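What follows is the residue order along each chain.
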Amino acid sequence: MGQLNPYLKDLLSKTNSPKVVTLIVEFPVGTESDTLKQLQEIPGISLGDTAFNYIRVTVPFEAISQVEAIPGIIIHYNAPVGITAAPTLTDPLIGQVSLSSITIPYTPQEMPLRVASLALRSTFSRTFHDPSVMVLTMDEVRKELCLPENNIITKTKVAVIDTGLGLPHPAIGVNKGLVYLTTSIGPTPMDGLGHGTWCVTAGFGGKSKTRFGEHIGVADVRNGHIGSFKALSDIGFGTTWSVIKAIEQAVKWGANIISMSLGGPMQGSVNDDPQCRLIERLKDTVIFVVAAGNDGDNGAWTIGSPGVAPSAITVGAYSSVYCESSYFSSRGPSGDYYKHNQAVFKADNARYGDNLIKPDLVAPGGGPSKKGQVPDLILSGVVGWTQPMYVILPDVFGAMRGTSMACPLAAGVVALAYEHGLINNAEDVKLKMKRFGGKDTVAGYGMITYPKLV
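Nothing here was measured: the structure is a model prediction, and the numbers come from that model.

Visitor: Help me out: how do you make sense of the packing of helix α7 (residues 240-253) against helix α8 (residues 274-281) in this one?
Guide: Helix-helix packing is characterised by the crossing angle of the two axes and by the distance between the axes. Running from amino to carboxyl end, α7 crosses α8 at an angle of 15°, the nearest separation of the two axes being 10 Å. Compared by their axis directions, α7 and α8 come out roughly parallel. At the point where α7 passes α8, the crossing takes the left-handed sense. In this structure, α7 uses Thr-240, Val-243, Ile-244 and Ile-247 to contact α8, whose residues at the interface are Pro-274, Gln-275 and Leu-278. Residue composition of the contact of α7 with α8, by class: five nonpolar, two polar and no charged.

So, in structure tokens, the structure goes:
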């Protein structure tokens, strides 16, 4: 017999029995042909593509028990994963899905009126941006991270799994080499939202001019060693499968560092969750840098998946203006599953130690540190419908905040340290950060800086 992921098992016990369900079947390595043969014999099943030792399947609800009967497999749910609220998204098992709206607080439908109102306000206030927020440049962020003067990377391959990348862009100049673009969610790898472009250009972009001054990314990745892997749609949502497939694409491309500003529900413990299981399996091959999530306003146990993975470097957001962790940055010690299964958490904590306690560290991600304060945001490259969200003019630069922003900035610091031979894996980063203080469930080991990794 196979087994149902605990999260999926719980969902199925509460559902109104939809006609079909999309699942992810994890099979033992080396049993792919036998598993596929047994799956094909199930009436009504539709087999999708494979990634590593996972296969995506669409199966009639009443036939799930037949899938479960296949020996040695684990069945996961193809759950929604994303970065922004999507009011129209309804999942067949979860129901209405609404993720964090910190980074993208407006829907595409709201943007035209938003832009018109903002243009009027800025005309009277004579500012380049929404006068109700503060906009920080990457120059200010670079000082916070204490970066070396030479930030050029020529050997380390960096992958960003997100909403894609908008090209051409002045922060991705010809000296970058041929940027690798692909998608696991289709039909195009281009970024129609802006979130992915922000992450790529802030973490790994080159020098470019903006109305606010010079922009330069944390690590200027060249020689074609920057890859954009689109796993989230232009609305901001993907699935567990689109992320797993993007990880496979990045690993095959040869990525040393993978930055993931995304998250979703925790599917059981870290030993059950499909993304966590994959990160643990690849921990000696790739360094995963993952956003903690923007649910800190809901208190503790709000880290998302795959940020809960013990071998991930999980990044919370820090406000450079208020000099504290951002109020919205998700809190540990871990995710919601463990909140309701304390015995499992205790056992896993004994197994993984401090690696189970999240976040691992923080990086600049905007703020404020308390609700009601003036928000601070960070300027970087933005294309698509979110571009004029705070800065009005569509000049391919815009301001955002969130752990989504903190993640690629931290990944840029990690990439520089990897390039210079200071670290070899995620554990090295954590051990070096640990030298500067203990770990807590709000800021982890504290603010990452380049000197801390030396």
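Having seen the structure, we can now continue with the description.
Visitor: Is there a simple way to think about the pattern of salt bridges in this case?
Guide: A pair can form between side chains of opposite charge whenever their charged atoms are brought close. All chains considered together, the criterion is met by 16 salt bridges. Between Glu-26 and Arg-277 there is a salt bridge whose closest N-O contact spans 2.9 Å. Taken together, the positions of Glu-26 in strand β2 (residues 20-26) and Arg-277 in helix α8 put the pair 251 residues apart, joining distant regions of the chain. Here Glu-26 falls in the buried class, since its relative accessible area comes to 8%. The residue Arg-211 makes a salt bridge to Asp-395 at a minimum N-O spacing of 2.8 Å. With Arg-211 in the loop between β13 (208-210) and β14 (213-215) and Asp-395 in the loop between α11 (388-391) and β24 (397-400), the pair connects residues that are 184 residues apart, well separated along the chain.

Visitor: Help me understand the packing of aromatic side chains, please; the structure alone is not making it clear to me.
Guide: What characterises a pair of aromatic rings is the spacing of the ring centres plus the angle enclosed by the ring planes. Inspection of the entire model under this criterion finds eight aromatic pairs. Taken together, a centroid distance of 5.0 Å and an interplanar angle of 80° make the contact between Trp-301 and Phe-345 edge-to-face. Taken as a pair, Trp-301 in the loop between β19 (287-291) and β20 (313-319) and Phe-345 in helix α10 (residues 342-352) lie far apart in primary sequence, 44 residues in all. Both residues of the pair, Trp-301 and Phe-345, count as buried. Between Tyr-337 and Tyr-338, the aromatic rings sit 5.8 Å apart at their centres with planes inclined by 65°, giving edge-to-face as the arrangement. Just as Tyr-337 is buried, Tyr-338 falls in that class too. Three or more aromatic residues link up through ring pairs in this structure, and these residues are Trp-301, Tyr-337, Tyr-338 and Phe-345.

Visitor: Help me understand α8, please; the structure alone is not making it clear to me.
Guide: Along an α-helix, a turn takes 3.6 residues, which lines up residues three or four apart on a common side. Taking burial as the measure, the eight residues of α8 include six buried ones, the bulk of the element. Those residues of α8 not exposed but buried are Pro-274, Gln-275, Cys-276, Leu-278, Ile-279 and Glu-280. N-capping of α8 is provided by Asp-273, with a side-chain oxygen placed 3.0 Å from the backbone N of Gln-275.

Visitor: Would you explain the sheet that holds strand β1 (residues 3-4) in this entry?
Guide: Pairing between sheet strands relies on hydrogen bonds along the backbone, with the strands arranged either parallel or antiparallel. The sheet built from five strands is open, its strands ordered β1-β5-β2-β4-β3 with mixed pairing. Because the sheet does not close on itself, it has two edges, and the strands there are β1 and β3 (46-51). Sheet topology places β2 next to strand β5 (residues 74-77); four bridges connect them, and they run antiparallel. Its bridge partner being in β5, Val-25 is matched across the sheet by Ile-75. This element, helix α2 (residues 32-40), spans β2, β3 and β4 (54-60) of the sheet and lies at about 160° to β3. Sheet strands touched by α7: β2, β3, β4 and β5. Its angle to β3, the strand with the most contacts, is close to 40°.

Visitor: Where do I start with the environment of Val-344 in this structure?
Guide: Locating Val-344 in the fold gives a position in helix α10. Contact partners of Val-344, with chain neighbours within four places excluded, come to Ser-269, Tyr-337 and Tyr-338.

Scoring rules and cut-offs
- Residues numbered from 1 in each chain as written.
- Predicted model: local features only at pLDDT ≥ 70, side-chain atom pairs only at ≥ 80, totals over all residues.
- Heavy atoms only, no water.
- Axes fitted to C-alpha atoms, helices over the stretch in contact; angles between N-to-C directions.
- Helix = DSSP H or I, 4+ residues; strand = E, 2+ residues; numbered from the N terminus.
- Parallel < 35°, antiparallel > 145°, perpendicular 65-115°, else oblique.
- Left-handed = near helix turned anticlockwise from the far one by under 90°.
- Contact = heavy atoms within 4.5 Å.
- Nonpolar A, V, L, I, M, F, W, Y, C, P; charged D, E, K, R; others polar.
- Salt bridge = Lys/Arg side-chain N within 4 Å of Asp/Glu carboxyl O.
- Buried < 20%, exposed > 50% of the residue type's maximum accessible area, 1.4 Å probe, protein only.
- Phe/Tyr/Trp six-rings, centres within 6.5 Å; stacked < 30°, edge-to-face > 60°.
- Polar contact = N/O pair within 3.5 Å; in protein donor to acceptor, adjacent residues only side chain to side chain.
- Pairing = 2+ DSSP bridges.

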